[in-house]
Structure formats: structure tokens, C-alpha cells
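Per-entry structural report
What follows is the residue order along each chain.
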There are 2 protein chains.
Amino acid sequence: MFSLKARTHAVGVRNPKLKSFKTDHLYHIALDTAHNDLQEMFGDVKCVCFGGQPSRMERFTKLIREEFGLTPSNGEPPRNYAAGTDRYALYKAGPILAVSHGIGIPSLSVVFNEIVKLMYYAKCKDVTFFRIGTCGGVGLEPGTVVVTDKASILGKKVERPALANKELNAEILECVTETDEFKTVTGTTLCCDDFYEGQARLDGAFCDYEEEDKVRFLQFLKEKNICNIEMESLGFLAMCSSCKGAGLRGAVVCAILVDRLQGDYIINDIEKLHQWQARPQQLVLRYIKHKFGPQNGSL
Amino acid sequence: MFSLKARTHAVGVRNPKLKSFKTDHLYHIALDTAHNDLQEMFGDVKCVCFGGQPSRMERFTKLIREEFGLTPSNGEPPRNYAAGTDRYALYKAGPILAVSHGIGIPSLSVVFNEIVKLMYYAKCKDVTFFRIGTCGGVGLEPGTVVVTDKASILGKKVERPALANKELNAEILECVTETDEFKTVTGTTLCCDDFYEGQARLDGAFCDYEEEDKVRFLQFLKEKNICNIEMESLGFLAMCSSCKGAGLRGAVVCAILVDRLQGDYIINDIEKLHQWQARPQQLVLRYIKHKFGPQNGSL
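This one's a predicted model, so the numbers in the text were calculated from it and none came from an experiment.

Next up on the list: the relation of the copies chain B and chain A. Mapping chain B onto chain A calls for a screw motion: a turn of 180° about the axis and a shift of 0.0 Å along it, with 0.0 Å RMSD after fitting. The two molecules are tied by a two-fold rotation axis, judged by turn and shift. When the interface residues of chain B are mapped onto chain A, 100% of them again lie at the interface, so the same face is used by both copies.

This is how it looks when you write it as C-alpha cells:
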């Protein structure tokens, strides 16, 4: 299914100044180069999975443990390596890191920077980043999984290319099977800086437009082939693109929680929500198994 | 010190559509109008204090309890009303709400919307919002507390006025005493969408500029009378301004953790950091005591 590349690339940073610092504090994840042996702790990392909430990333880590037979015999819960702060959470199972990024591009950008530096100090090679998240859909059924092929902000000049890595996306889509109980599609993701007004919702504390305006906006998105709407893809793919050729590539895989052509509200059925949120995790996990599973000798 | 106003204003929303919804889910704080009696739970709220981290807001809640003699005899820790999710945390002590907002304006805007709606459904009156946070300083000593008088983005058109409420700021500054072990100043706050490049730091994963460019940028900020730099003030004050006349006003009070003219790094001394972070809390707490303390019959 996948071919193993003969050449490897160490993760690099686009910042030559880091070499001149004696100590570097990864402040928001409470790690530093003086007190932590980052290479010893994280040198084997091959995949970093980002998601909004700490609890979701902890559950994902438990899933990886189960799937790869990595659950410790004492049943200890996964260690949060960023426990010195509660800004973000950082778990590890085998060569997989699971990181929470909060909501929105600014929040993501802070932890993304520090994770790239972490990979650099740990001397990791050929690392793949995933955002495994949730989103609204445009004319697509809730529960559908979307692999982003392009992230866009409409009506705004975007200076950094935020294109997905085609090769990686193709590999992820190869992991879709006919027996999946959910649909997986690929398409363009609209990235917004807000959940309410910015996404034309009618149920925020501020709303100066009418339902017709909202419908017109969403229809316009549909005509532009927008599949889904969330709040991090643009920054995520732009930063991954910036790292191209530096041992790092990334993809955005999100589950739709509401079809915005049908409404604004996310359903209240917690069990169903958990089921849907687990779908991008399942898909990415399948990719990880194919790529780094025992048959490839990496786990 | 303060005069009690005879007229009160119920907190309003700038969204007439809310009236037509049967149920409203405050999705990101896991509360809704169908299952929670929001007026019974939150109807007495007079102040909402926002801060980045859940743990800091929990500590702040404990401080309020102690100061106002509200600690329950069984010593139970403060209840997290948003425990159904881990996107944000929401604590309450007497008429004070303490809410975490994460990092950056998009993250803040989501919870700000839902808290305004919460105040509206709870029929709260004349509520004051505070952002109690941390920031970098421009030519000001770490540990200094800054009360924002204006939030700005340089070189970018800002369409919503993000001015502070002068009256409220004056009341806060009246709470500064000569015996304070820290300095409190008021001035303009630069609001950025990023912690690293956006704030001209040299220690991010990306850095395409030189130290001279950074120094020039910071000197430029100083000439423009920028006091401090953080990531939420602009959205916070803009949204508070949008609510003007609707029973809601707000202020931003932050502790400086690093003088950016001296460096990029936040010190590693956890105890000192905690001390500094507690200063805006102390100042706002003093304000709350003056305004809502026993002598005014509200607590």
C-alpha cells in the first residue's frame, strides 16, 4: 500500500537563531531543553495528531494504545507531558503524539510552533501532522468525514499557501473502505475566525443579518464547492506548507457535526457526537497502522 | 468611593432572533435553556472575570471565596459549571463568575458570545466583564499591572471600536494603593493573533527577520505609546463596546511577564510567575469588594 522512502529528513525549523540559544523554553507546553531530555523523550515520534480538546486527545491516545497493544499492564492512564500547564495537553503512545490545540488559529499557532521546535530538538525524522477535528458541513450529512484539500478565507487575501499535501491526502483516502459505516469525502474547507457571526449563525449574542443573508452566504459557499467550515485548517496547512522539505507534512481530517444548510445547532445526543468525533480518529489510526504498523517494523 | 446607580439595565443581546428559538444550547460551555434553570443558577451574577487558563480561574474563585467568607464548611472545591466539556471552565463564587477563554481572539469570541447569552437568559443586570490576564511589556518591568485604555492592531483596519470604558477604568485605578508592592499603569495594548512571529519574537519555529528588525518594531511600538502586548484585548473590548447600553461593560487588566525590550523569554521561576499572575486578580478583587462588598448590601 505504501512504500517506505529510503531517504529520511530531520525535522527543521525556519529559524537559524534557535542554534544560538543556550536554553529554549517551550513555555506553553511546560518543557525546556535544559531540564528535559527531549530526544530521549520524543526522538521516536513519527506522527503528531492535533485536536481541539484535551479529553478527546487523551481518549485518542488510549485508542492507539489498545490498537497497538501498548496499554501498560498496570493500566496507568496516559501521561500528560504538558502537565506543568493547563494551556495545552500532550500525550504519547509509541511513536504517536496527541496534542490539544484549543479553538482558532491563534491558539493553534502557539502550540504548533512549540511542537515543531520540540520535534527539532528531539531530532525526529519525517514526521506527519494531522488535525483530527470537528466542523460544520455545507450540504453534507452530519457524521461525514472530510479530508481538506484546500483551506480558504473568502474575500480575504491569504499570503501563505494553505494547500493540502496531495500525496498524504491520497494515502489517507486509500484507507477508506467500502464497509465503513460513515462516508468520507475530500474538498475545500472554509476557515473562520469565529463560530457565530463569522459562520453566519443566527444564534450568537450578536446578529445583525437576516436568515436570507445566511442562506445566501451558505449557498454561495456551496457554489464555490466548500465542503465544510471550521476554525483552524488555514493556519494548520499554511504552517505545514511552510515546513515543506523540512521533514514535516500535514493533513486536516474533520467530522461534520451539523449540515449548515439544515441548521445552526449541533445535536444534543452526546453518544452520537462521540461516535462522530471518533471517525477521523479511526481513519487516521488506520493510516498510522498501515504506515507504521508491525509489518513496517516501526512499532 | 463608588456611587450606586439608581437605574439598572438588564443584559441584552444584539440578536432579536434568539427570542424565536425554543431551546438554546450554549454548546461550548455545555449548558442549555431546556435542562438548566439559568436564572436560578446565574441570575445574581454581577461580575464575569475571564482569564486564559482553567486552573488560574479556579484559583481566583477560591480567592474570592476566602475574601468574601464564601468557602463552604465542607471545603468542597468550586464547581465547574461547564464540566460537560473541557473546551472552557466556568466557576462561580457569590455574584462573581470566573471563566477561562483559552488563547487568542477566536477562542475568546466563542465563550464571550455564550457568556453574554447566559447573562441574557439568566436575566442578569448591570454586569461588568474583566479580562484578567498576562502579557508582554514594552519598556515596563515584569510584574507591572496594565489597565488597557485602548487596544490596537497596527497597520490593520479595525472596524469595531475597541476602546476601554473610561469610567470603569477610572474606578479600577482608584483601587490602586500606595502600599501596593507592584506598579499599576494604564495605556495602550497591542493585540496580536500570534505569540511568536506576530510579536516579533526570535524564538519561534519560524523567523525570517533579524534582531534589528525586532528591536525596530518594538521601538516603534514604544514611540506609539504601546504599554503591553497580548492576544485577546481587541476582541474583548470590541465585543464589550458592542454591548454598550445593554447592561454590560468591560475592562482588561494584565500582568507583564516579560519586558520585550529586554528579551523574549518568560522567566522559569514558577513561584514568581504565580505571584505576578495574581496581581490583576488582587486589583480586580479589590474593585469587586468596593463595589459589591457588604457595605453595598450585594454580597
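All names here are of chain A. Positionally, alanine 255 belongs in strand E10 (residues 248–259). Looking at alanine 255, the relative accessible area reads 0%, which means it is buried. Contact partners of alanine 255, with chain neighbours within four places excluded, come to Gly133, Thr134, Cys135, Thr144, Val145, Trp276 and Pro280.

Residue and element names in this part refer to chain B. Running from amino to carboxyl end, helix H3 (residues 105–121) crosses helix H6 (residues 233–242) at an angle of 30°, the nearest separation of the two axes being 8 Å. Overall, the two elements H3 and H6 adopt an arrangement that is roughly parallel. Where H3 crosses over H6, the handedness of that crossing is right-handed. For the pair H3 and H6, the contacting residues are Ile105, Leu108, Ser109 and Phe112 in the first and Leu234, Gly235, Phe236, Met239 and Cys240 in the second.

The next thing to look at is the interface of chain B and chain A. Counting residues at the interface gives 60 residues for chain B and 60 residues for chain A. For the pair chain B and chain A, the summed buried surface comes to about 4900 Å²; carbon and sulfur atoms form 52% of the total. Seen at the junction of chain B and chain A, the total is 4 salt bridges. A salt bridge links Lys17(A) to Glu210(B); the shortest N-O distance between them is 3.7 Å. On inspection of chain B and its partner chain A, the count reaches 32 residue pairs in polar contact (both at pLDDT 80 or more). The greatest single-element share of the side of chain B that touches chain A, amounting to 9 residues, is contributed by H3(B). Residues belonging to the side of chain B that touches chain A are distributed by class as follows: 26 nonpolar, 17 polar and 17 charged.

Before going further, it helps to spend a moment on the pairing of strand E7 (residues 145–152) of chain A. All names here are of chain A. Within E7, 6 of the 8 residues are buried, which leaves it mostly tucked inside the rest of the structure. Bridge count for E7 against strand E8 (residues 184–191) is 7 bridges, and the pairing is parallel. The residue bridging valine 146 from the neighbouring strand is valine 185, located in E8. Summarising the sheet, E7 and E10 pair through 3 bridges and their orientation is antiparallel. Its bridge partner being in E10, valine 146 is matched across the sheet by cysteine 254.

The subject of this paragraph is the domain arrangement of chain A. Residues and elements named next belong to chain A. Each assigned domain of chain A is listed here: domain 1 (22–125) and domain 2 (134–299). The straight-line distance from the C-alpha centre of domain 1 to that of domain 2 is 22 Å. Contacts between the two partners involve 23 residues from domain 1 and, on the opposite side, 22 residues from domain 2. Of the roughly 2100 Å² buried at the junction of domain 1 and domain 2 (both faces included), carbon and sulfur atoms supply 80%. On the domain 1 side of the interface with domain 2, the three residues burying the most area are Phe68, Ile105 and Phe112, jointly 28% of the side's total. Where glutamate 67 meets lysine 289, a salt bridge forms, and the shortest distance between an N and an O atom there is 2.5 Å. Seen at the junction of domain 1 and domain 2, the total is 3 residue pairs in polar contact (both at pLDDT 80 or more). Elements with a minimum of two residues in the side of domain 1 that touches domain 2: strand E3 (47–51), helix H2 (54–68) and helix H3 (105–121). No other element matches the 7 residues that H2 contributes to the side of domain 1 that touches domain 2. Looking at the side of domain 1 that touches domain 2, its residues break down into 14 nonpolar, 5 polar and 4 charged.

With that out of the way, let us pick up the packing of aromatic side chains. All names here are of chain A. Counted by the stated rule, this structure contains 20 aromatic pairs over all chains. Ring geometry for phenylalanine 42 versus tyrosine 81: centroids 5.1 Å apart, planes at 65°, classification edge-to-face. Of this pair, phenylalanine 42 sits in helix H1 (residues 38–42) while tyrosine 81 sits in the loop between H2 and strand E4 (90–93), and the two are 39 residues apart along the sequence. What makes phenylalanine 42 buried here is its relative accessible area of 0%. Note on tyrosine 81: relative accessible area 17%, which makes it buried. Note that arginine 201 overlies the ring of phenylalanine 195, its terminal NZ or CZ placed 3.8 Å from the centroid.

Here the focus is unusual backbone geometry. Residue and element names in this part refer to chain B. Phi at lysine 123 is positive, roughly 55°, even though this residue is not glycine. Its place among the elements puts lysine 123 in the loop between H3 and strand E6 (127–137). A positive phi angle is found at alanine 200, which is not glycine, with a value near 60°. By the secondary structure assignment, alanine 200 is in the loop between strand E8 (184–191) and helix H5 (211–223).

With that settled, the discussion passes to the confidence of the model for chain A. All names here are of chain A. Scored by pLDDT, chain A has a mean of 88; 93% of the residues are at 70 or more. Within chain A, the lowest mean pLDDT, 85, falls on E7, and the highest, 97, falls on H1. Both confidence scores are given for the complex: pTM 0.86, ipTM 0.84.

Let us look at helix H5 (residues 211–223) of chain A. All names here are of chain A. The first and last C-alpha atoms of H5 sit 18 Å apart over 13 residues, in line with the 18 Å expected at 1.5 Å per residue. The set of residues buried in H5 consists of Lys214, Leu218 and Leu221. For H5, the angular spread of the buried residues around the axis is 50°, confining them to a single face. In this structure, H5 carries Glu212, Arg216 and Glu223 as exposed residues pointing more than 90 degrees from its buried face. Directly beyond the C-terminal end of H5, a positive phi value near 65° is found at asparagine 225.

Here we come to the pattern of salt bridges. Taken as a whole, this structure holds 30 salt bridges over all chains when the rule is applied. With a closest N to O distance of 2.9 Å, Arg286(B) and Asp180(B) form a salt bridge. Of this pair, Arg286(B) sits in helix H7 (residues 270–292) while Asp180(B) sits in the loop between helix H4 (166–174) and E8, and the two are 106 residues apart along the sequence. Here Asp213(B) ties to Arg216(B) by a salt bridge, and the two come within 3.3 Å at their closest N and O atoms. In this pair, Asp213(B) and Arg216(B) both sit in helix H5, 3 residues apart, roughly one turn of the helix. Classification of Arg216(B) by relative accessible area gives exposed; the value is 54%. Shared partners join several salt bridges into a network, and the residues in it are Glu167(A), Glu171(A), Arg249(A) and Lys291(A).

Analysis parameters
Numbers given for residues are sequential positions, taken from 1 along each chain in its written order. Working convention: letters from A go to chains and numbers from 1 go to ligands, in the order in which they are written. Totals for whole chains, interfaces and linings use every residue, but because this is a predicted model, local features are given only for residues with pLDDT of at least 70 and side-chain atom pairs only at 80 or more, for both listing and counting. Side-chain numbers come from the whole structure's heavy atoms, not from hydrogens or water. Residues below a pLDDT of 70 in either copy are left out; the C-alpha atoms of the rest, at least 70 in both, set the least-squares superposition of the copies. Contacts are assigned to residue pairs with any non-hydrogen atoms lying within 4.5 Å of each other. A run of H or I in DSSP counts as a helix once it spans at least four residues, and a run of E counts as a strand once it spans at least two, with each numbered from the N terminus. Only protein chains enter the accessibility calculation, which uses a 1.4 Å probe; a residue is then buried when its area is under 20% of its type maximum, exposed when over 50%, and partly exposed in between. The axes are straight lines fitted to the C-alpha atoms, using for helices just the contacting stretch, and the angles between their N-to-C directions are given from 0 to 180°. Any angle that is under 35 degrees is reported as roughly parallel, and any over 145 degrees as roughly antiparallel; angles of 65 to 115 degrees are reported as roughly perpendicular and all others as oblique. Here a crossing is taken to be left-handed if its near helix is turned anticlockwise relative to the far helix by less than a right angle, and right-handed if that turn runs clockwise. By definition, the buried area sums, over both parts, the 1.4 Å-probe accessible area that each loses when the two are put together. In what follows, salt bridge is the name for a side-chain nitrogen of Lys or Arg lying within 4 Å of a carboxyl oxygen of Asp or Glu. A 3.5 Å cut-off defines polar contacts: any pair of N or O atoms within that distance qualifies, except that in protein one atom must be a possible hydrogen donor and the other a possible acceptor, and neighbouring residues in sequence count only when both atoms are side-chain atoms. Note on residue classes: Ala, Val, Leu, Ile, Met, Phe, Trp, Tyr, Cys and Pro are nonpolar, Asp, Glu, Lys and Arg are charged, and everything else, Gly too, is polar. Any two strands with at least two DSSP-identified bridges between them are counted as paired. For every domain, the bounds stem from an assignment made automatically or drawn from a database. Here a pair means two rings of Phe, Tyr or Trp (six-membered ring of Trp) with centres within 6.5 Å. Their orientation is stacked below 30 degrees between planes, edge-to-face above 60, and tilted elsewhere. A ring is scored as having a charge over it whenever the NZ atom of a lysine or the CZ atom of an arginine sits within 6 Å of its centre and within 35 degrees of its normal. A score between 0 and 100, pLDDT records how confident the predictor is in each residue. Here, expected helix span is obtained from the residue count minus one, scaled by 1.5 Å. The arc in question is formed by the directions pointing from the helix axis toward the C-beta atoms.

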